[in-house]
Amino acid sequence: MWIKQTRYRRHLVAPVRESLIALLAAALFCAGTAAQQQSPATRPTTSESVYGTCTPSADGIGKTYMGREIAQVASHESSDWLERPEREAEEQPRLLLENMNLRPTDVVADIGAGTCYFTFRIAPRVPQGKVFAEDIQPEMLEKIRATAKEKGAANVEPVLGTTTDVNLPEKSVDVVLLVDAYHEFDHPREMMQSIVRALKPGGRVVQVEYRAEDPNVPIKPHHKMTIEQAKREMAAAGLEHVETKDVLPRQHILIFRKRGD
């Protein structure tokens, strides 16, 4: 806020001018304090107010969210790395599946499914349920359809999302799985809002991230995340932290829950 310097202002007597300046300062201070005291749910959620910019790093996109530079998206051309044979020994994905505590009737959404490494391992565990395999890259969905047909996985449904919406029906999902994907969302606030809409009351988000606290984890820095950073960002979406399971060699398993509606 500013006051145009007019002839009238230049000739104000000093006490009056000083009083006006003091009032303006007080008003600006109060407005700033009120904005700081707003809860995440009531703060503006426009891109201008939520996201920032920075000089892009080698593995980042130059866009920031809650103090974190967002990572570059892994291309569909990296599918061989996702399906590498040594992944079982390096990351022990079976432990992740066991710790998801799935029920046979659960509807699970594998967000950023990629080659569906986890989708087709989850599908047999929810025989009366369903697995939504969501991705924003059509090339990935083509592979998902082909694999589902080959495996006869009738309870796998490919879903084409966008960078702001997972495009899942409201209150349709019991468990959302985010494996090494969330840190690449270029609109994390909007994506998590759409995920929360898709969750049933009491539904869970299972977020898996490489441990940024451990410098020995051989992953690019912006493709890792700390527990505290993940908790802050999920809280901004209205999710409560249930527990963190550090049973994997390189990754955190963070469990969040949607409060009952």
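A short tour of the structure in this document, coming up. (Residues numbered from 1 in each chain as written. Predicted model: local features only at pLDDT ≥ 70, side-chain atom pairs only at ≥ 80, totals over all residues. Heavy atoms only, no water.)

**Some words on the packing of aromatic side chains**
1) Next: Taken as a whole, this structure holds 3 aromatic pairs when the rule is applied.
2) Next: Residues Y117 and F118 carry aromatic rings whose centres are separated by 5.2 Å and whose planes lie at 70° to one another, so their mutual orientation is edge-to-face.
3) Next: On the basis of an interplanar angle of 75° and a centroid distance of 5.5 Å, the ring pair of Y182 and F185 is categorised as edge-to-face. Taken individually, Y182 and F185 each receive the classification buried, so the pair is uniform in this respect.
4) Next: If you follow K63 out to its NZ or CZ, it ends over the ring of Y51, 4.3 Å from the centre.
5) Next: Taking NZ or CZ as reference, R121 lies 3.7 Å from the ring centre of Y117, over its face. (Phe/Tyr/Trp six-rings, centres within 6.5 Å; stacked < 30°, edge-to-face > 60°. Buried < 20%, exposed > 50% of the residue type's maximum accessible area, 1.4 Å probe, protein only. Lys NZ or Arg CZ within 6 Å of the ring centre and 35° of its normal.)

**Points about the pairing of strand β11 (residues 251–258)**
1) Next: For β11, the tally of buried residues reaches 7 of 8 residues, placing the bulk of the element in the interior.
2) Next: Relative to β11, strand β8 (residues 199–211) runs antiparallel, the two being bridged by 7 bridges. Bridge assignment links Q207 to a residue of β11, and that residue is L254.
3) Next: Sheet analysis places strand β10 (residues 239–245) next to β11, joined by 6 bridges and oriented antiparallel. Counterpart to E240 in the pairing with β11 is R257. (Helix = DSSP H or I, 4+ residues; strand = E, 2+ residues; numbered from the N terminus. Pairing = 2+ DSSP bridges.)

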